[in-house]
Amino acid sequence: TSYGRLGMGIVFVGGVHAVGKTTACEQAASEVGAAHATASRLIKSERADAIPDRGKSVLDVVDNQRLLIRAVARLRELESRDIILDGHFAIPNTQGGIDSVHFDVFRTMGITAAVVYCDDPAAIAARLSARDTQLWTKEAIATLQEAEIQQARHVTTVLGIPLLVLNAFDSASLVKAIREWRAT
């Protein structure tokens, strides 16, 4: 699969909350001249109550993914640059479990490459407790992070697109990968 097969590529960047996705994506987008969007903001733009303001559990993962697909389609119509989209491959649900985002969501959005960010669960827990009211255990973060990685591998294998696993906040490697993917 060529990165720019439709004249515009979408790199999906996943990882658990507070692993540095948005920070790295904003820096990379600025450096490579791409647009940056977050899945949660796009979903909220479609329906304000789709993403909870507090906590990280999602009530209706399937409906939110439909909203995301619609929002990404609108963004693709408006945007002439490559898009870096940050979000999740796996999402905590309200029953205490984890829902994986189905590969068809990524296929429908037209994802051409993927990245997943990882970090030490204790470091993520510290960042989450500093920014959110909800406390996470290291074990819960480790479980969610492993689900993110496994689903990222599954999605990219099924779609035949590249996957890069990066350490938290590593925007330089994201920039390098985007430039390499553009060159192919």
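Structure's up top.
Description of the structure in this document. Since we're looking at a predicted model, the values are computed, not measured. (Residues numbered from 1 in each chain as written. Predicted model: local features only at pLDDT ≥ 70, side-chain atom pairs only at ≥ 80, totals over all residues. Heavy atoms only, no water.)

**Here we look at the sheet that holds strand E7 (residues 163-167)**
- In space, the 5 strands of this open sheet follow the order E2-E3-E1-E6-E7, with parallel pairing throughout. Pairing within the sheet leaves two strands with one partner each, and these edge strands are strand E2 (35-38) and E7. The mean inter-strand angle of the sheet, taken between neighbouring strand axes irrespective of direction, is 20 degrees.
- Across 5 bridges, the pairing between strand E6 (residues 113-118) and E7 is parallel. (Pairing = 2+ DSSP bridges. Helix = DSSP H or I, 4+ residues; strand = E, 2+ residues; numbered from the N terminus. Axes fitted to C-alpha atoms, helices over the stretch in contact; angles between N-to-C directions.)

**Digging into the pairing of strand E1 (residues 10-14)**
- Counting buried residues along E1, 5 of its 5 residues qualify, which places the element largely inside the surrounding structure.
- By the alternation rule, side chains of E1 split into Ile 10, Phe 12 and Gly 14 and Val 11 and Val 13, which are all buried.
- For E1 and strand E3 (residues 83-86), the ladder comprises 4 bridges, and the chain directions are parallel. Paired with Val 11 across the bridge in E3 is Ile 84.
- The pairing of E1 with E6 spans 4 bridges and is parallel. (Buried < 20%, exposed > 50% of the residue type's maximum accessible area, 1.4 Å probe, protein only.)

**A look at helix H7 (residues 171-183)**
- Spanning 13 residues, H7 covers 19 Å between terminal C-alpha atoms, matching the ideal 18 Å at 1.5 Å per step.
- For H7, the set of buried residues is Ser 171, Leu 174, Val 175, Ala 177, Ile 178 and Trp 181. Projected down its long axis, H7 carries its buried residues within an arc of 165 degrees, all on one side. Turned more than 90 degrees from where H7 packs its buried face, Ala 172, Lys 176 and Ala 183 sit exposed.
- Considering only its buried residues, H7 is in contact with E1, helix H1 (21-32), E3, E6 and E7.
- The N-capping residue of H7, defined by a side-chain oxygen 3.4 Å from the backbone nitrogen of Ala 172, is Asp 170. (Expected span 1.5 Å × (residues − 1). Arc of directions from axis to C-beta. Contact = heavy atoms within 4.5 Å. Polar contact = N/O pair within 3.5 Å; in protein donor to acceptor, adjacent residues only side chain to side chain.)

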